[in-house]
Amino acid sequence: MPLDHDPDWWRSAVVYQVYPRSFADADGDGTGDILGIIDRLDYLAELGVDAIWVSPWYPSPWADGGYDVSDYRDIAPELGTLEQADVFVTKAHELGLRVLIDLVPNHSSDEHAWFQRALAAEPGSAERDLYLFRNGRGADGDTPPNNWPAMFGGSAWERTESGGRPGQWYLHLFDVKQPDWNWENPVVADEFDAILRFWFDRGIDGFRIDVANSMAKAPGLPDLPVDPDTGEPQSHTLTGTAYMNQPHVHDILRRWRTVSDSYADSELGARIFVSEAWVTPVDELAKYVRDDELHTTFNFDALMCEWTAESQRNVINLTLRAMGDVGAPATWVLANHDTTRVVTRYGRPVTGARFTPDGMDLESFAGIGSVPEGVTDLGLGRKRARAAVLLELALPGGAYVYQGDELGLDEVEDLPEELLQDPTWERSGHTVRGRDGCRVPMPWTGSEAPYGFGPPASPPWLPQPDRWSELTAEGQDGDPRSHLSLYRAALAERRCNPALGDGGLIWDAEVPTGVLSFTREPGFRCVVNFGPDAYQLPVGAEVLIASGDASSRSVGADEAVWLRI
Ligand code: NOJ
């Protein structure tokens, strides 16, 4: 399949997320690597996606799974070399697959050379001004400069030490090993332009921007208001706070757009961005994809939305209207390396937040990664996940697939505590297990761990559960009822059906409560049944793909079908 040179390729693209440590381990050290990804490129091409996004592959102490970058212009030795990365990009392009990589612009690793220089330099120096160093409060400066909490727990400030004496504090919105860059300093902005160009010049088609809503901080880094009842700082990161979704963050995004647009005349065309911004309501999110800013932005509202017809319909309407207003395509995503696996989420008693026609009911949102009480029904979750992917891939716009979701993998919730690596586990005082359960290495072949992830004698960095012997890619290959076959069929249909991808939809009237049915021209209909009663298919409609068994010409509870009408 040749590379799609339509300059609008990204508006309809399905992008597969590779989390490199957990994808395929070619060298047998227990960690996935670039050669492993190269080995599996044919699998991705056969799956039928249009592009691959590779989560961070840079040198890193791995304090936050590689989102702590110590060198933005190289490849982690554990994963491979720059030359291998070049081979990977060339081969992906030969197979018609575009390649996106991660840009982590809010923070670096504390092991980045510039941070090490800043630590060694004096307060007030040019070196320190690349990051956010401040004096502490109180007579001895031993109180943090403000009351901001870190996303992984504890204070967002860490005190430095020099010559055995306590010194200034530096800001880290995430882990203590992830100091925030000072985006008010033009040297930082210039450096990131150069990093973009470094990778664009090597043939990278675009970037996923990590926490694209966080680089700009409120002037003066003011304290957050304090909740009078709990005494805790009030930090509503989804709806905006002193360090999230500040209006001047958009100046940075506009600057990057000029860099990516400057490649319009190159062989690969203008390069593109997708923003990771957990921002609600969706009208605020839509600002990230105005026509001089980023191209696409993950629609996390839909990811956080509960599995009910009413909420799903509301979130779809809100998204399409808001994105339509700025001329951007919607970007659907069911899961990623930060969220509970979709099979597990949809099998839980509480599947997500409620959405009204006005937006998310914030009271109903328990938090990303929260674990509700009650028993998880993985069979139900898998059934819903099958219906959900037919819904996702039928909606107007582009979509992302997180590695392993095409196999129907579930969250591994019982990893031994001593193996947990997510910084959340330590920083929460061992109260929040974090995100390792969705990062367990892929099962490819065979009946025993490591299931072809690496050579037989190489235990993967996180252990795979025995139940995954039923879910290997090899085992599902050729079984028409498997999760993998459903993904392949839907992606193949999406490629050849002119109604799918970018565009609009029309809701079908006169369907029962609990059923969502929409039509896209020419002649395509998607029906999803969230209710308990089977729904009879319209007479004359031809079933293209069904998540369940549509032989009786009905759609059962938690099933979906694609129809030609
Ligand atoms: C979002 C990334 O997806 C997540 O894995 C990471 O921990 C934070 N940003 C901080 O970089």
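**Observations regarding the packing of aromatic side chains**
Thought 1: As enumerated under the stated definition, the model contains 34 aromatic pairs in all.
Thought 2: When the ring of phenylalanine 23 is compared with that of tryptophan 444, the centres are 5.1 Å apart and the planes differ by 90°; the resulting orientation is edge-to-face. Of the two residues, phenylalanine 23 is situated in the loop between strand S1 (14–18) and helix H1 (34–39) and tryptophan 444 in the loop between helix H12 (423–427) and helix H13 (473–476); the sequence distance between them amounts to 421 residues. Of the two residues examined, phenylalanine 23 and tryptophan 444, each falls in the buried class.
Thought 3: Cation over ring: arginine 40 sits above tryptophan 444, and NZ or CZ is 4.2 Å from the ring centre.
Thought 4: The ring of tryptophan 507 is capped by arginine 313, whose NZ or CZ atom sits 4.7 Å from the centre of that ring.

**Notes on the side chain of aspartate 102**
Thought 1: Looking at the secondary structure, you find aspartate 102 in strand S3 (residues 98–103).
Thought 2: Aspartate 102 gets classed as buried once you look at its relative accessible area, which sits at 0%.
Thought 3: With residues up to four places along the chain from it excluded, the contact list for aspartate 102 reads Trp53, Val54, Ser55, Pro56, Tyr58, Tyr67, Phe207, Arg208 and Asp210.

**Things to note about the nonpolar core**
Thought 1: In terms of nonpolar packing, the biggest core is built from 155 residues, with Tyr16, Trp57, Phe88, Trp199, Phe207, Trp256 and Trp562 touching the most fellow members.
Thought 2: The dominant element in this core, judged by the number of residues it contributes, is helix H11 (residues 378–394), at eight residues.
Thought 3: Of all hydrophobic cores here, the second largest spans 17 residues; its members include Leu132, Phe152, Tyr243 and Met244.

**Section: the site of the ligand**
Thought 1: Around the ligand, the neighbouring residues are Asp64, Tyr67, His107, Phe152, Phe174, Arg208, Asp210, Glu276, His337, Asp338, Arg435 and Arg439.
Thought 2: Side-chain polar atom of arginine 208 to an oxygen atom of the ligand: 2.9 Å apart, as the coordinates give it.
Thought 3: In the model, an oxygen atom of the ligand is placed 2.8 Å from a nitrogen or oxygen of the histidine 337 side chain.
Thought 4: For the ligand, whose unbound accessible area comes to 290 Å², protein coverage reaches 97%.
Thought 5: Its residues assigned to classes, the shell around the ligand shows three nonpolar, two polar and seven charged.

**Things to note about unusual backbone geometry**
Thought 1: Put simply, threonine 280 and proline 281 share a cis peptide bond, and its omega is 5°.
Thought 2: Relative to the helices and strands, proline 281 resides in the loop between strand S8 (272–275) and helix H7 (282–286).
Thought 3: The residue after glutamate 521, namely proline 522, is reached through a cis peptide bond having omega 5°.
Thought 4: Examined against the element boundaries, proline 522 turns out to sit in the loop between strand S15 (515–520) and strand S16 (524–529).
Thought 5: Non-glycine residue arginine 553 carries a positive phi angle of around 60°.

**Some points on the domain arrangement of the protein chain**
Thought 1: Entries for the protein chain in the domain assignment read domain 1 (9–107 + 184–487), domain 2 (113–171) and domain 3 (504–564).
Thought 2: A C-alpha centroid distance of 30 Å is found between domain 1 and domain 2.
Thought 3: Carbon and sulfur atoms make up 61% of the area that domain 1 and domain 2 hide from each other, which totals about 1700 Å².
Thought 4: When the buried surface of domain 1 facing domain 2 is broken down by residue, Leu221, Asp223 and Arg427 rank first, second and third, together holding 36% of it.
Thought 5: Seen at the junction of domain 1 and domain 2, the total is one salt bridge.
Thought 6: Taken together, domain 1 and domain 2 are joined by eight residue pairs in polar contact (both at pLDDT 80 or more).
Thought 7: Among the secondary structure elements, those contributing two or more residues to the side of domain 1 that touches domain 2 are helix H5 (186–201) and H12.
Thought 8: Classifying every residue of the side of domain 1 that touches domain 2 by side-chain character gives 11 nonpolar, six polar and six charged.

Definitions and cut-offs
Residues numbered from 1 in each chain as written. Predicted model: local features only at pLDDT ≥ 70, side-chain atom pairs only at ≥ 80, totals over all residues. Heavy atoms only, no water. Phe/Tyr/Trp six-rings, centres within 6.5 Å; stacked < 30°, edge-to-face > 60°. Helix = DSSP H or I, 4+ residues; strand = E, 2+ residues; numbered from the N terminus. Buried < 20%, exposed > 50% of the residue type's maximum accessible area, 1.4 Å probe, protein only. Lys NZ or Arg CZ within 6 Å of the ring centre and 35° of its normal. Contact = heavy atoms within 4.5 Å. Core = buried A, V, L, I, M, F, W, Y, C linked by side-chain atoms within 4.5 Å. Near = heavy atom within 4 Å. Polar contact = N/O pair within 3.5 Å; in protein donor to acceptor, adjacent residues only side chain to side chain. Areas by Shrake-Rupley, 256 points an atom, 1.4 Å probe, with all protein chains shown as cover. Nonpolar A, V, L, I, M, F, W, Y, C, P; charged D, E, K, R; others polar. Domains from an automatic or database assignment. Buried area = accessible area lost by both parts, 1.4 Å probe. Salt bridge = Lys/Arg side-chain N within 4 Å of Asp/Glu carboxyl O.

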